[in-house]
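Listed below are the residues making up each chain.
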Amino acid sequence: MAVTRFAPSPTGYLHIGGARTALFDLLWARKTGGKFILRIEDTDQSRNSPTAAEQVMNDLKWLGINWDAGPFYQSQRREIYDKYIAQLLNDGKAYYCFDTPDELGAIRAECERAKKNFIYARPENFPAEADVEAARAQGRPVVVRFCMPTGEIVVEDTIRGQVKFDCANLSDFIIQKNDGFPTYHLACVIDDELMGIDCVIRGQEHLMNTPLHIALQNALGFKRPAYAHISVTVSEGGGKMSKRDRAKVLKAAIKANPEIDLEKLIEVGGLTNDKLKRFLKGKEVPDNPQVDAMAKFLGIELPEINIVDFLKSGYLPETLVNFIALLGYSPGGDKEIMTLDEIIESFDPSRFNKTNSLFDRKKLLSFNTEHIKMLDAETLLGRYKDYLAVADSPAKGADDALLGRIVKSCDGARTLAEIDKKSRFLFCDNEEIEYDEKSVKKVLLKNDGEGLAMLALLKAGLNQLAEVTNESVEKMLRDLAEEKQLGLGKIAQPLRVAICGSTVSIPIFEAIDLLGLEKTIERIEAAIKKFSS
RNA sequence: GGCCCCAUCGUCUAGGUAGGCCUAGGACACCGGGUUUUCAACCCGGCAACAGGGGUUCAAAUCCCCUUGGGGCUACCA
């Protein structure tokens, strides 16, 4: 019966790394019949966006990562932290400091020059409350630092075994900031104790924080939870997969192309000239919506990083959960495609591996294909509608019966976006069809317009049909192929381009049936007219 | 720079905690072939790895050390 938690800081959308951490914490809680708690670590006033926590929760829900308690907001628990800070101060285990950022920076620079770790020089006599007021009066910042003990701290990590730290390398660290908020370390340790967290599964980037947390727990007389530091997910360029990766790709694209109309880009992105300059110089990163808008304007694809990015690209939540669970973890055996329940059932935290892993998008695509195949029709339709809602598709709002038939006609599809792409032509007016240049050339114009000639034959054939049914249309096409001694492709492809504008669509007979004979003939005529000159 | 983590096919990984069952298994990708009304799906076949160097041992992918290479942290961010 493990009690675990996911403790994101609400600085933006939930991204892959966070989702993976959340998933493993959920897995362990479910496997043991325990509890999974959501805690929002919003102790940084400057970095919190008001909607971010909401977004993170939406993304978790979409993935099916549901929490049993919370969300608890640390910003609403100030008195609790204050109480413990006072206690530490009282016990002489923490002390006030009044250094300015500049002073601190100078000490750091000096340490670097001496090739040493930064260690804050603890004063012999700690400042008294009266000194605090004096410092404030002088306009100096007031923070509280924790006294690191001496000796060695050994972290018992479920994944990595014993990891030893010499406290001589660890500095007294800040537990309360100038604005009165606790730092992450303090709030995290207190909440883990108060919320009864007994197992902390988190990213390896926290391994170095763990001795600090243990020191705090010891000073406060808290229990020590079990720790498991999971490997980091890295992206193609090397380095931890980060939200900044999308901006990075955008920046590279802008720099690589001097032809870009920067004025227009600024307008589309909704930022200022100065901000764009700072972005290109690597000094500032625009917001997500701004990055997206600029990418769309430039017609470039950004790598999916945030969970919503994957939704927008047509991935299933089932896919993400399955794929993420197999990054740095393996249940053993050859089975890879699994549902959340199967993953929970087979979950064994001793089977984590220590190596960082690369996020392989091709394999993700393949997982998506498998999961699309696995879903029952009703669930898949629901997922498709969720996708359409965010995809800016003309198919949005179409009735379930139609959408259901479309989805069914696309079995074998790799993403939901692919289904939309193959069937959009059904939702356009005839005049709105965009003819893909390459497709037109290849199947209509090539070989002296043999495709166009075929269209004429098709039109005549369709007009002569005594009775128009799916069967009669199909028979006509097949008879025509036989008569001309051609594969069906020679007939279907020109027809496809005429009615959908490209060589890729849902199966041709389904396409005609769904479009209707009237529009089909109209589009054939329009195509003949348009490309005959 | 300091501290810490890691190292099996191109990628995700099995095997490593009880060394011989590993002439190293699976999946994705890739290559070749088949099927086909497009794309996809599907079927058959193929390529491909224990980072390097020392030990320990009758025996090492598995244990130890070093080198090299990757990664993380190094904030009044979390």
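Coordinates for the structure precede this section.
Residues numbered from 1 in each chain as written. Chains lettered and ligands numbered in written order. Predicted model: local features only at pLDDT ≥ 70, side-chain atom pairs only at ≥ 80, totals over all residues. Heavy atoms only, no water.

Describing the protein's contact with RNA strand B
No. 1: For RNA strand B, the set of nearby residues contains 66 residues, the closest of which are Arg160, Gly328, Glu336, Gly412 and Lys422.
No. 2: Each atom of RNA strand B within 4 Å of the protein belongs either to a base or to sugar and phosphate, the latter forming 75%.
No. 3: The contact in question runs from a phosphate oxygen of RNA strand B to an N or O atom on the backbone of Lys240, over 2.8 Å.
No. 4: The set of elements that each furnish at least two residues to the surface near RNA strand B consists of strand S7 (161–166), helix H6 (184–194), strand S12 (357–358), helix H15 (361–374), helix H18 (416–423), helix H21 (488–500) and helix H22 (508–515).
No. 5: Ranked by residue count, the leading element in the surface near RNA strand B is H15, at 6 residues.
No. 6: Partitioned by chemical class, the residues of the surface near RNA strand B number 17 nonpolar, 24 polar and 25 charged. (Near = heavy atom within 4 Å. Polar contact = N/O pair within 3.5 Å; in protein donor to acceptor, adjacent residues only side chain to side chain. Helix = DSSP H or I, 4+ residues; strand = E, 2+ residues; numbered from the N terminus. Nonpolar A, V, L, I, M, F, W, Y, C, P; charged D, E, K, R; others polar.)

With respect to the pattern of salt bridges
No. 1: In total, this model carries 31 salt bridges according to the counting rule given.
No. 2: Between Lys422 and Glu418 there is a salt bridge, with its nearest N and O atoms 3.7 Å apart. Note that Lys422 and Glu418 are positioned in helix H18 at a spacing of 4 residues, about one turn of the helix.
No. 3: Overlapping salt bridges bring together Arg5, Arg39, Glu41, Arg77, Asp191 and Asp192 as one network. (Salt bridge = Lys/Arg side-chain N within 4 Å of Asp/Glu carboxyl O.)

What to know about the nonpolar core
The tendency in soluble globular proteins is for nonpolar side chains to be buried as a group.
No. 1: One finds Phe425, Leu455, Leu458 and Ile499 to be the most contacted residues of the largest nonpolar core, which totals 54 residues.
No. 2: Broken down by secondary-structure element, the contributors of at least two residues to this core are helix H16 (377–391), helix H17 (400–409), H18, helix H19 (437–464), helix H20 (470–483), H21, H22 and helix H23 (517–531).
No. 3: It is H19 that provides the largest number of residues to this core, a total of 8 residues.
No. 4: Every residue in contact with Phe425, bar those within four places of it in the chain, is listed here: Ile433, Ile499, Cys500, Ser505, Ile506, Ala511, Leu515 and Arg523.
No. 5: One finds Phe24, Leu60, Ile65 and Ile305 within the second-largest nonpolar core, a separate group that totals 48 residues. (Core = buried A, V, L, I, M, F, W, Y, C linked by side-chain atoms within 4.5 Å. Buried < 20%, exposed > 50% of the residue type's maximum accessible area, 1.4 Å probe, protein only. Contact = heavy atoms within 4.5 Å.)

A short note on the pairing of strand S3 (residues 69–73)
No. 1: Judged from the 3 bridges that link them, strand S2 (residues 35–40) and S3 form a sheet pairing that is parallel. When the bridges of S3 are listed, Ile37 appears paired with Ala69.
No. 2: The handedness of the S2 to S3 crossover, carried by helix H2 (residues 52–63), is right-handed. (Pairing = 2+ DSSP bridges. Right-handed = clockwise from strand over helix to strand, strands pointing away.)

Remarks on the sheet that holds strand S1 (residues 3–6)
No. 1: The strand order across the open sheet formed by 3 strands is S1-S2-S3, and the pairing between neighbours is parallel. A strand with exactly one partner marks an edge of an open sheet, and here the two such strands are S1 and S3. Sheet twist, expressed as the mean angle between neighbouring strand axes with direction ignored, is 25°.
No. 2: Here 4 bridges tie S1 to S2, and the two strands are oriented parallel to one another. Paired with Phe6 across the bridge in S2 is Leu38. (Axes fitted to C-alpha atoms, helices over the stretch in contact; angles between N-to-C directions.)

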